[in-house]
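Below, each chain spelled out in residue letters.
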Amino acid sequence: MEGQVRERWGITEPVSKLMPDEKDLEVHRQLIEELKRQNNFESQEATDRRVKALNLFQKVTEDFVRIVGKAKGLSQSAVDSAGGKIFTFGSYRLGVYGPGSDIDTLVVAPRHVTFKDFFEYFPPCLEKHSKPGDIEELTPVPDAHVPIIKIEYCGISIDLIFAALPSASIKLSLELTEKNILRGLDETMMRSVNGTRVTDELLQLIPQAKTFRHATRAIKLWAQRRGIYGNVFGFPGGVAWAMMVARICQLYPYACGATIAVKFFSIYAEWPWPRPVLLKAVEDGALGLKVWNPQIYRGDKQHLMPIITPAFPSMCATHNVTHSTKSVITKELERGRSLAGLIYTGKKSWHDLFERHTFFTKDYKYYLSIISASTTKEEQNMWSGWVQSRLRLLVKGIDESDSGVEVAHPYYKATERFHRCKTQAEKDRVLSGSVEFVVKEDKKTTDEKDPSKPTNGDDSNDAESITIYTNTHYIGLKLREGMYSSIPARRLATHNTVNTEGAKKLDISFPVSDFKRLVTSGTNYDEDKNAIRVVHTRSYDLPLDLFEEGEVRPVKVKKVKAKPVKRSFADTGIDDTQSNSSKRRSTNGGPTPTPS
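Because the structure is predicted, anything quoted here is derived from the model rather than measured.

The strand order across the open sheet formed by 5 strands is β1-β2-β5-β4-β3, and the pairing between neighbours is mixed. Bordering the open sheet on either side are β1 (85-89) and β3 (135-141), each of which pairs with just one other strand. Pairwise comparison of adjacent strand axes, ignoring direction, gives a mean angle of 25° for this sheet. Taken together, the 6 bridges between strand β4 (residues 148-153) and strand β5 (residues 156-164) define a ladder with antiparallel strand orientation. Within the sheet, the bridge partner assigned to I148 lies in β5 and is I161. Across the sheet, helix α6 (residues 187-204) lies against β1, β2 (103-109) and β5, angled at about 120° from β5, the strand it touches most.

Dropping the structure here:
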């Protein structure tokens, strides 16, 4: 009621109810200025384009539901009243989106519409309502954990998911907040609906929306710049980071955004994981649905950094975190705490906090390059998405193996490349990590989608050229301290034995071969169209396109060492090294073929 002051948010009393003082407000002003310099806020014109696109998607949804109803023989009155509605969630719904952010969107339809209908009828319906060129890219991923259609529409990325409720019609007044809405939904449908429910619940649990949004923008930017962002890679995703910020807002309900950001680092740098981060008490199970409970479920007990969604049924948003990614996250939180204190005293700036990671420039000596490849862009979108979704299992496998790897740190996004080769030998070099046949950005044209057409007079793009699309993921490897300093880099991935001096030889053959077997056994794999390679890459062999302007690729340090006994890569589970591939080219004119 008006005039009443709320005393408590979340599961505990606030730590402090102090209002910001002049110093707090000045540091906050500096934060907003830096966020603007980092281009973190979107222009009103760009936001208006998002709204226009969402309005069109609402019309398409209603038309799509009508079309399906007619196809299934529903009466005209049932077709006319069927309705349909879209909901947004994620960063857009939270109000923390920026230039280039995607829009997570849920299509809700009545009971007569199925997932099969969604993938069959929605794309042509969208095309019917769009102008030529509006749909820049459309990739259905029906086999994903949450089935999705990824769309590039008028320069806007839209991730479209689907749910059908057990109702004859879906009205525009529908809200998804009541848990009875989940009654009768299967597990896949429930996962689809959960994103919107979590976002809406979160917004109800924070004291000040503006403060939350400023602090969340800062933390998301920090996480992205430091390379610790993305659930699929074993890091917290956008909503998980937002929930962590929301908990700090509950503890300091009247603080400004900068203060929340500073407290974020001081609290989470010392957080006693696996104690969960909770915005509210977990509701008891109902409707026959599983609720997160580590006392009952063994899988829940194994979560390393549990951040629990507030909407029923509560789930762990960070179940993908591995021992390696946890160590990377905690290291970055400690760095953030150190800098945040110095920012508040004026000795450092927010710009220092947002400094780009050093993943490629100095963090690791050894990397795994996981290269997925296809002969067409459409095939590669499907194939690379599947490989990416399984990447965390490779990290987990390395973590759990007795391999001698202390940290397996996945980079938080893939590098896309487009190659044109003339021979099979050149193709094999691409699959071993070579970027010498990459088509440069400034040479790309709209004809690139049809590799049979010449580009800028490049005669290498003839009828006999081999077109390859690749996505490469990089995993930085930190070896256990003091155990491998005497082992040459070329011995990385040799058999797992212990010599008389106690130097244990590195072996990641099992997790690598298990990962390759897993991804190639999926329905998305076609051996005639797709390939997967796992290649050992030394820091000084990393492709130059991974480095931004002003960054320097590591250089090889020459050391005099006894010549080691080599072992065939066919025995290790690693397909090749980029340096070995280069050596074979100089002697044989092309690399020795290796198994895919």
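Text resumes after the structure shown.
Moving on, we come to the UniProt feature "binding site: Mg(2+) 2" (unreviewed entry) in the protein. Per the UniProt record, the feature "binding site: Mg(2+) 2" (unreviewed entry) sits at D102, D104 and D159. With the annotated positions falling across 58 residues, the maximum pairwise C-alpha distance of 6.9 Å places them together in a single cluster. Inspection of the secondary structure puts D102 in the loop between α4 (90-94) and β2. Judged by relative accessible area, D102 falls into the partly exposed class, the value being 25%. D102 has contacts with R50, S91, S157 and D159, leaving out every residue within four places of it along the chain. Along the chain, D104 turns up in strand β2. Residue D104 is classed as buried on the basis of its relative accessible area, which comes to 17%. For D104, the contacting residues outside a window of four places in its chain are F87, T88, F89, G90, S91 and D159.

The next point concerns helix α9 (residues 257-268). Between its terminal C-alpha atoms α9 stretches 16 Å, which fits the 16 Å expected from 12 residues at 1.5 Å a residue. The buried count for α9 comes to 10 of 12 residues, which makes it a mostly enclosed element. For α9, the set of buried residues is G257, A258, T259, I260, A261, V262, F264, F265, I267 and Y268. Tucked inside the fold, the buried residues of α9 contact α1 (22-37), α7 (209-225), α8 (238-251), α11 (323-344) and α12 (350-353).

This next bit is on α6. If you check α6, its first and last C-alpha atoms are 25 Å apart, about what 18 residues at 1.5 Å a residue would give, namely 26 Å. The largest bend in α6 is about 35°, located at N194.

All right, on to the pairing of strand β9 (residues 466-479) then. Here β9 lies mainly inside the structure; 13 of its 14 residues are buried. Bridge analysis of strand β6 (residues 366-374) against β9 gives 9 bridges, and the strand direction is antiparallel. Looking at β9, one finds that S374 is bridged to Y469. Of the pairings in the sheet, the one linking strand β7 (residues 405-410) to β9 comprises 5 bridges and is antiparallel in character. Across the sheet, the residue bridging to V405 is L479, located in β9. By the bridge criterion, 7 bridges tie strand β8 (residues 415-421) to β9 in an arrangement that is antiparallel. Each bridged residue has a counterpart across the sheet, and for F418 the counterpart in β9 is Y469.

Conventions used here
- Residues numbered from 1 in each chain as written.
- Predicted model: local features only at pLDDT ≥ 70, side-chain atom pairs only at ≥ 80, totals over all residues.
- Heavy atoms only, no water.
- Pairing = 2+ DSSP bridges.
- Helix = DSSP H or I, 4+ residues; strand = E, 2+ residues; numbered from the N terminus.
- Axes fitted to C-alpha atoms, helices over the stretch in contact; angles between N-to-C directions.
- Contact = heavy atoms within 4.5 Å.
- UniProt positions renumbered as here; feature names shortened; annotations may be inferred.
- Buried < 20%, exposed > 50% of the residue type's maximum accessible area, 1.4 Å probe, protein only.
- Expected span 1.5 Å × (residues − 1).
- Bend = angle between axes of the 7 residues up to and from the residue.

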